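A look at the structure
Below are the chains, spelled out letter by letter.
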Amino acid sequence: MKNLNILVIGGGIGGLTAAIAATRRGFSVDVIERDPKWAVYGVGILQQGNVVRAMSDLGLVGDYLAAGFGFDHVEIFVPSGQSVARIATPRLVQGLPANVGIGRRALHKVLGDRAVASGARVRLGVTAEALDDGGEGVDVRFSDGSAGRYDVVVGADGLNSKTREMLFPEAPAPEYTGQSVWRHNFPRGEVNCLCVYEGPTGVGLIPLSERLMYMYVTTPEPGNPWYPRGDLAAAMRDKLKSVPAPAIRGLAEQITDDEEVVYRPLECVFLQGPWHKGRIVLLGDAVHATTPHLGQGGGMAIEDAIVLAEELARANDLEAAFGAYRTRRFERCRYIVEASRAICFGQLGKGPLIENSKATREMFIKVAEPI
Ligand SMILES: Cc1cc2nc3c(=O)[nH]c(=O)nc-3n(C[C@H](O)[C@H](O)[C@H](O)COP(=O)(O)OP(=O)(O)OC[C@H]3O[C@@H](n4cnc5c(N)ncnc54)[C@H](O)[C@@H]3O)c2cc1C
């Protein structure tokens, strides 16, 4: 298909990548983003070779690598802080790193700048109030009183997607796992790869740039308690008090500013049924939100966006394009959501304990497969 007029709902990782991939195919793209400030929290994420490959396919890899920190190893530490293994991870693009740590804001800037430069029109503080798919096009009524008609609407509005709710009101709601993540940035120091600290409290350090790294701490949080913002630094320090590794103890003492702590309960959702209805299709967390145990949620959203644009360009009609898109994405995304959830549940004692290094090795093999 040619000359499609596409609305993307959600200017996050998946929505912006969809805008970039679709404009590269010659489609016209509007993006609406609910947040008038288009704000992104300050810590970072870990991505692997499949995202490096995707960025390379999108012509973005130079900007992407310049904004993050590439590395090829994972180092494992026992709880006392002694390093016990340094495991090489596979590169998927010759000459480019196997993993990248990148600040969420840095990634957002890379994707946002390119989406806008590619010609996508981004409107902030706007949502879709009504989507009326009459068969020949989708009539959209926006929250700012304006309206538009589109050939395709892409719901990339994340975990709590309103588009998913409108399309599939019977779809399962996101499931709270019982675990949460605490994150905080620090000066990078000597940390030059993913450093995983074993033990009852899961801790890791991930470099983000020449200057910065972030720490994540996973903790069981039965009942999904609410932590007042003013208590976050003390609470995160408290969660770390049983971790004996001197490096972690030293960092814990530096956690004093509540505003610098990012706390997130971990939820997941996966749509077993269709991923589209008529002219409206879902991607990213809206259709398969994962816990971060394999560091692949953002990667799956990015890959979805590339595959969707490819299928829209290749197919002769939307049903064929959306069908092919879901077929290519379903098993890979289901695997990531289920394998990540299994690690999480094992850590919580809600399922068999999963050997993290084995699961990570398997993940690297799976995501190395072409999309
Ligand atoms: C604690 C934690 C750690 C993570 N760590 C990693 C990691 O290390 N590596 C990794 O790859 N992934 C990680 N992820 C997952 C990753 O963040 C998500 O998979 C990714 O952001 C999904 O992209 P998305 O575009 O689908 O959704 P989002 O990035 O959430 O974007 C959705 C966008 O839609 C907007 N929006 C919402 N509703 C509306 C609406 N009604 N109208 C308009 N706009 C709307 C939102 O404001 C947002 O900008 C992590 C997730 C969590 C929770």
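Our structure is the block above this text.
Now for a quick tour of the structure. Computed from a prediction, not measured in an experiment: that's the story for all the values here.

Burial along strand E11 (residues 147–150) is one-sided: Gly 148 and Tyr 150 are buried, and none of Ala 147 and Arg 149, which face the opposite way, are. Across 4 bridges, strand E10 (residues 138–142) lies against E11 in antiparallel orientation. What sits directly across from Asp 139, in E11, is Arg 149. In this structure, the hairpin formed by E10 and E11 is closed by a connection of 4 residues, where Gly 145 is found at a positive phi of approximately 95 degrees.

What follows deals with the environment of Glu 136. One can find Glu 136 in the loop between strand E9 (128–133) and E10. Accessibility expressed as a relative area gives 66% for Glu 136, which makes it exposed. Considering only alpha carbons, one finds Glu 136 and Arg 149, 13 residues apart in sequence, at a separation of 9.6 Å. Residue contacts for Glu 136: discarding those within four places in its chain leaves Arg 149 and Arg 279.

Moving on, we come to empty space enclosed by the protein. Evaluated as defined, the whole model comprises 1 cavity of 30 Å³ or more. As for the largest cavity, its lining consists of Ile 6, Val 8, Ala 18, Ala 22, Val 154, Ala 305, Leu 308, Ala 309 and Leu 312. For the lining of the largest cavity, the secondary-structure elements that each account for two or more residues are strand E1 (5–9), helix H1 (13–24) and helix H9 (297–314). Sorting elements by how many residues they give to the lining of the largest cavity places H9 first, with 4 residues.

Right, let's get into the pattern of salt bridges. For the structure shown, the criterion picks out 22 salt bridges. For Asp 30, the salt bridge goes to Arg 121, with nearest N and O atoms at 2.5 Å. Highlighted residues: Asp 30 in strand E2 (residues 28–33) and Arg 121 in strand E8 (residues 121–124), separated in sequence by 91 residues. The class of Asp 30 is buried, set by a relative accessible area of 12%. Between Lys 358 and Glu 362 there is a salt bridge, with the nearest N and O atoms lying 3.7 Å from each other. Of this pair, Lys 358 and Glu 362 both sit in helix H11 (residues 356–368), 4 residues apart, which is roughly one turn of the helix. One continuous salt-bridge network, built from bridges that share partners, spans Glu 303, Asp 304, Arg 329 and Arg 332.

The next subject is the packing of aromatic side chains. As enumerated under the stated definition, the model contains 9 aromatic pairs in all. On the basis of an interplanar angle of 65 degrees and a centroid distance of 5.1 Å, the ring pair of Phe 270 and Phe 330 is categorised as edge-to-face. Residue Phe 270 is located in strand E17 (residues 262–270), and its partner Phe 330 is located in helix H10 (residues 318–348); the two are separated by 60 residues in the primary sequence. Take Phe 270: its relative accessible area is 12%, and that puts it in the buried class. Each member of the aromatic cluster is reached from another via a ring pair, and the members are Phe 270, Trp 275, Tyr 325 and Phe 330. Over the face of the ring belonging to Tyr 41 we find Arg 104, whose NZ or CZ atom lies 5.1 Å from the ring centre. When the ring centre of Phe 345 is taken as origin, the NZ or CZ atom of Arg 341, which lies over that ring, is 4.3 Å away.

Neighbouring the ligand are 31 residues; Gly 14, Glu 33, Leu 46, Asp 285 and Gly 298 lie closest to it. Take Ile 13: an N or O atom from its main chain is 3.3 Å from an oxygen atom of the ligand. A distance of 2.8 Å separates an oxygen atom of the ligand from a polar side-chain atom of Asp 285. At the level of elements, H1, E2, strand E3 (44–48), E17 and H9 are the ones that each hand at least two residues to the shell around the ligand. For the shell around the ligand, the element with the highest residue contribution is H9, accounting for 4 residues.

A few words on the pairing of E3. Across the 5 residues that make up E3, a large majority, 5, are buried. Here E3 shows two buried faces, one formed by Gly 44, Leu 46 and Gln 48 and the other by Ile 45 and Gln 47. Relative to strand E7 (residues 99–103), E3 runs antiparallel, the two being bridged by 5 bridges. Each residue of the ladder has a partner; that of Gly 44, found in E7, is Gly 103.

Our focus in this paragraph is the layout of surface pockets. Considering only enclosed or pocket space, the second largest pocket measures out at about 180 Å³ in volume. Lining the second largest pocket we find Gly 42, Val 43, Ala 67, Gly 103, Arg 104, Arg 105, Ala 106, Asn 185, Leu 208, Ser 209, Arg 211 and Leu 212. Top element by residues in the lining of the second largest pocket is helix H4 (residues 104–117). It accounts for 3 residues. Across the lining of the second largest pocket, the residue classes tally to 5 nonpolar, 4 polar and 3 charged.

The rules behind these values
- Residues numbered from 1 in each chain as written.
- Predicted model: local features only at pLDDT ≥ 70, side-chain atom pairs only at ≥ 80, totals over all residues.
- Heavy atoms only, no water.
- Buried < 20%, exposed > 50% of the residue type's maximum accessible area, 1.4 Å probe, protein only.
- Helix = DSSP H or I, 4+ residues; strand = E, 2+ residues; numbered from the N terminus.
- Pairing = 2+ DSSP bridges.
- Contact = heavy atoms within 4.5 Å.
- 1 Å grid on protein atoms, 1.4 Å probe; cavity = no way out; pocket = protein on both sides within 12 Å on 5 of 7 lines; lining within 4 Å.
- Points joined across faces, edges and corners; volume = space filled by probe spheres on them.
- Salt bridge = Lys/Arg side-chain N within 4 Å of Asp/Glu carboxyl O.
- Phe/Tyr/Trp six-rings, centres within 6.5 Å; stacked < 30°, edge-to-face > 60°.
- Lys NZ or Arg CZ within 6 Å of the ring centre and 35° of its normal.
- Near = heavy atom within 4 Å.
- Polar contact = N/O pair within 3.5 Å; in protein donor to acceptor, adjacent residues only side chain to side chain.
- Nonpolar A, V, L, I, M, F, W, Y, C, P; charged D, E, K, R; others polar.

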